[in-house]
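Architecture at a glance
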Amino acid sequence: MADGLVYGQCHPRKRFVDFRSFLETAIVTEALQRGVQTVALVLDNGSTHAPKQLPHWIENLSTSLEGKLTIQLYWLPKNASWLDQIEIWFSVLQRKLLQPNHFTSLDELEQAIHGFITRYNQTAKPIKWSYTVEHLEYKLATRLREGVAA
């Protein structure tokens, strides 16, 4: 999130083992190369993120890295994936690459996604939130009033 760069891998299935591999090969490796001391992961409660397995694995990883990197986990509330910035990026990917394209194979799709990430990263900037706490409070208050009035 700090610089807007996107890191990605494609896997045939959505499994914790693939997510863990992505963390090891992309996120941890990049953080260590950059000299980053703390990585904050903002995650939804999807099975890929294995809320029961991930904290234990992170603890073991931190021990093996001998304090060179700390990984903090932040879990979004259920049904709040719209708060996750990667979801914003996925909507960009969908609008600019996936629709209305038709890919003849999974390999072609994977190459297109990797190419998109490469092009995106050439001009990447952090996502600037435009949704404020005030917007959220107004929306919640309006829904509450509508619910009471109904």
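Bear in mind the structure is a predicted one, so any value in this text is a computation, not a measurement.

Some thoughts on the nonpolar core
- Leu 23, Val 39, Leu 54, Trp 57, Leu 69 and Ile 71 are the most contacted members of the largest nonpolar core, which totals 19 residues.
- Sorting the residues of this core by element identifies α1 (16–34), β1 (38–43) and α2 (54–64) as the ones contributing at least two each.
- At eight residues, the largest contribution of residues to this core is made by α1.
- Those residues in contact with Ile 71, other than ones at most four positions away along the chain, are Val 28, Val 39, Leu 41, Ile 58, Leu 61 and Ser 62.
- Of all hydrophobic cores here, the second largest spans nine residues; its members include Val 6, Trp 89, Leu 97 and Ile 117.

Notes on the side chain of His 49
- With respect to the element layout, His 49 can be found in the loop between β1 and α2.
- A relative accessible area of 14% means that His 49 is categorised as buried.
- Within the structure, the side chain of His 49 is placed 2.8 Å from the side chain of Asp 44, a separation counted as a polar contact.
- Non-local contacts of His 49, meaning those with residues more than four positions away in its chain, are made with Phe 16, Phe 19, Leu 43, Asp 44, Leu 54 and Trp 75.

Considering the environment of Trp 57
- When you line up the elements, Trp 57 lands in helix α2.
- Residue Trp 57 is classed as buried on the basis of its relative accessible area, which comes to 12%.
- Sequence-wise, Trp 57 and Pro 126 are 69 residues apart; in three dimensions their C-alpha atoms are separated by 28 Å.
- Discounting chain neighbours no more than four positions away, the residues touching Trp 57 are Phe 16, Arg 20, Leu 23 and Glu 24.

Focus: the packing of α1 against α2
- Running from amino to carboxyl end, α1 crosses α2 at an angle of 35°, the nearest separation of the two axes being 12 Å. Judged by the sense of rotation from one axis to the other, the crossing of α1 with α2 is right-handed. For the pair formed by α1 and α2, the contact residues are Phe 16, Phe 19, Arg 20, Leu 23, Glu 24 and Val 28 on the first element and Leu 54, Trp 57 and Leu 61 on the second.
- Each residue belonging to the contact of α1 with α2 can be placed in one class, and the counts come to seven nonpolar, no polar and two charged.

A short note on the pattern of salt bridges
- Overall, the coordinates contain three salt bridges when judged by the stated rule.
- Note that Asp 3 and Arg 34 form a salt bridge whose closest N and O atoms lie 2.7 Å from each other. Taken together, the positions of Asp 3 in the segment before α1 and Arg 34 in helix α1 put the pair 31 residues apart, joining distant regions of the chain.
- Residues Arg 15 and Asp 18 are paired through a salt bridge, measuring 3.0 Å at the closest nitrogen-oxygen approach.
- Among the residues examined, Asp 18 registers a relative accessible area of 11% and is labelled buried.

A look at the side chain of Thr 48
- Assignment of secondary structure puts Thr 48 in the loop between β1 and α2.
- Setting aside residues up to four positions removed in sequence, Thr 48 forms contacts with Lys 14, Arg 15, Phe 16 and Phe 19.

Describing the packing of helix α3 (residues 85–98) against helix α4 (residues 106–122)
- Relative orientation of the contacting elements α3 and α4 amounts to 115°, with a least axis distance of 11 Å. The angle between the axes of α3 and α4 places the two elements in the roughly perpendicular class. α4 is crossed by α3, and the crossing has right-handed handedness. Note on element contacts: α4 touches α3 through Leu 109, Ala 112, Ile 113, Phe 116, Ile 117 and Tyr 120, opposite Trp 89, Val 92, Leu 93, Lys 96, Leu 97 and Leu 98.

The rules behind each value
- Residues numbered from 1 in each chain as written.
- Predicted model: local features only at pLDDT ≥ 70, side-chain atom pairs only at ≥ 80, totals over all residues.
- Heavy atoms only, no water.
- Core = buried A, V, L, I, M, F, W, Y, C linked by side-chain atoms within 4.5 Å.
- Buried < 20%, exposed > 50% of the residue type's maximum accessible area, 1.4 Å probe, protein only.
- Helix = DSSP H or I, 4+ residues; strand = E, 2+ residues; numbered from the N terminus.
- Contact = heavy atoms within 4.5 Å.
- Polar contact = N/O pair within 3.5 Å; in protein donor to acceptor, adjacent residues only side chain to side chain.
- Axes fitted to C-alpha atoms, helices over the stretch in contact; angles between N-to-C directions.
- Left-handed = near helix turned anticlockwise from the far one by under 90°.
- Nonpolar A, V, L, I, M, F, W, Y, C, P; charged D, E, K, R; others polar.
- Salt bridge = Lys/Arg side-chain N within 4 Å of Asp/Glu carboxyl O.
- Parallel < 35°, antiparallel > 145°, perpendicular 65-115°, else oblique.

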